[in-house]
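The lines below spell out each chain.
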Amino acid sequence: MTPDAAPEPVLILTTGGTIDKEYFDAKSAYEIGEPQIGAVLAEAGVTFPYTVETLMRKDSLELSDADRQTVADRVLASGARRVLVTHGTDTMADTARVVADTLGRAGAQATVVFVGSLAPARFKATDAEFNVGFAAAAVQTLGPGAYVAMNGRVFDPHHVRKDRDRNRFEVADPGPLDP
């Protein structure tokens with residue numbers, strides 16, 4: 001896409017995860033609430049066209065292999081060239097790998113970017129807004145394939161992991177997209 005070109009529409013698929021969590025008490029009781037990405041994008045005043053579709057409302061640790069394939073199948077069936085997927089961070093790379101492999105087998109030319117947050121979007125101190133903005137730019141500029149966009153970096157889903165101790169994503173076994 002050139003800077004002056006009209007932006008392509010972006011399909012946003014939501015799966016749940018911390019970005020959409022609502023906490024109810026000090027003992028961390030929570031549920032996955034309404035998707036927050038529409039509110040985040042509206043508050044940021046984005047001007048690219050997008051559609052939000054909820055696929056599921058689950059913590060990523062509760063996602064099954066069938067759920068991951070559902071995400072991949074929906075990406076393919078949509079025919080969209082630009083897809084942003086909000087996802088919980090614990091198993092984001094797992095789902096991104098399934099999507100990458102499914103796109104590769106199908107010869108699909110979609111750009112799919114996975115994003116989440118380490119703190120709920122409803123919190124005052126959250127990384128959700130930055131991560132969503134970064135991923136929105138990434139999905140509009142990267143070439144076909146599946147990617148993870150977290151902590152201001154784009155990762156190959158086959159070479160990324162969440163470092164829980166440092167609360168960030170990092171390269172695991174460097175691949176072609178990674179330094």
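Figured I'd write up the structure that's included with this text. (Residues numbered from 1 in each chain as written. Predicted model: local features only at pLDDT ≥ 70, side-chain atom pairs only at ≥ 80, totals over all residues. Heavy atoms only, no water.)

**Here we look at the overall build of the chain**
Scanning the chain for helices and strands turns up four helices and ten strands. Along the chain, helices and strands appear, N-terminal first, in the series β-β-β-α-β-α-β-α-β-α-β-β-β-β. Of all 179 residues assigned to the chain, the portion counted as buried reaches 47%. Sequence-distant contacts, at least 24 apart, represent 63% of the contacts inside the chain between residues at least 6 apart. Accessible surface for the chain amounts to roughly 8600 Å². Of this, 51% is attributable to carbon and sulfur atoms. (Helix = DSSP H or I, 4+ residues; strand = E, 2+ residues; numbered from the N terminus. Buried < 20%, exposed > 50% of the residue type's maximum accessible area, 1.4 Å probe, protein only. Contact = heavy atoms within 4.5 Å. Areas by Shrake-Rupley, 256 points an atom, 1.4 Å probe, with all protein chains shown as cover.)

**Quick word on the environment of Arg81**
Following the sequence through the fold, Arg81 ends up in the loop between helix H2 (65-78) and strand E5 (82-86). According to the relative accessible area criterion, Arg81 is partly exposed, its value standing at 45%. Taking C-alpha positions, Arg81 is 6.7 Å from Gln109, a pair spaced 28 residues apart along the chain. Excluding residues that lie within four positions of it along the chain, Arg81 makes contacts with Glu8, Gln109, Ala110 and Thr111. Separated by 2.8 Å, the side chains of Arg81 and Glu8 make a polar contact. (Polar contact = N/O pair within 3.5 Å; in protein donor to acceptor, adjacent residues only side chain to side chain.)

**Quick word on the pairing of strand E7 (residues 145-150)**
Of all six residues that make up E7, five are buried, and the element is covered over most of its length. Here strand E6 (residues 111-115) runs beside E7; their pairing, made up of four bridges, is parallel. Each residue of the ladder has a partner; that of Phe114, found in E7, is Val148. As paired elements, E7 and strand E8 (residues 153-155) share three bridges and run antiparallel to each other. Residue pairing in the sheet places Val148 in a bridge with Phe155 of E8. The turn joining E7 and E8, which pair antiparallel and follow one another in sequence, is formed by two residues; a positive phi near 55° is taken by Asn151. (Pairing = 2+ DSSP bridges.)

**Quick word on the packing of aromatic side chains**
Applying the stated criterion to the full structure yields two aromatic pairs. Their ring planes at 15° and their centres at 6.2 Å tell us that Phe130 and Phe134 sit as a pair that is stacked. Note that Phe130 and Phe134 are positioned in helix H4 (residues 128-141) at a spacing of four residues, about one turn of the helix. Residue class for Phe130 comes out exposed when judged on its relative accessible area of 52%. (Phe/Tyr/Trp six-rings, centres within 6.5 Å; stacked < 30°, edge-to-face > 60°.)

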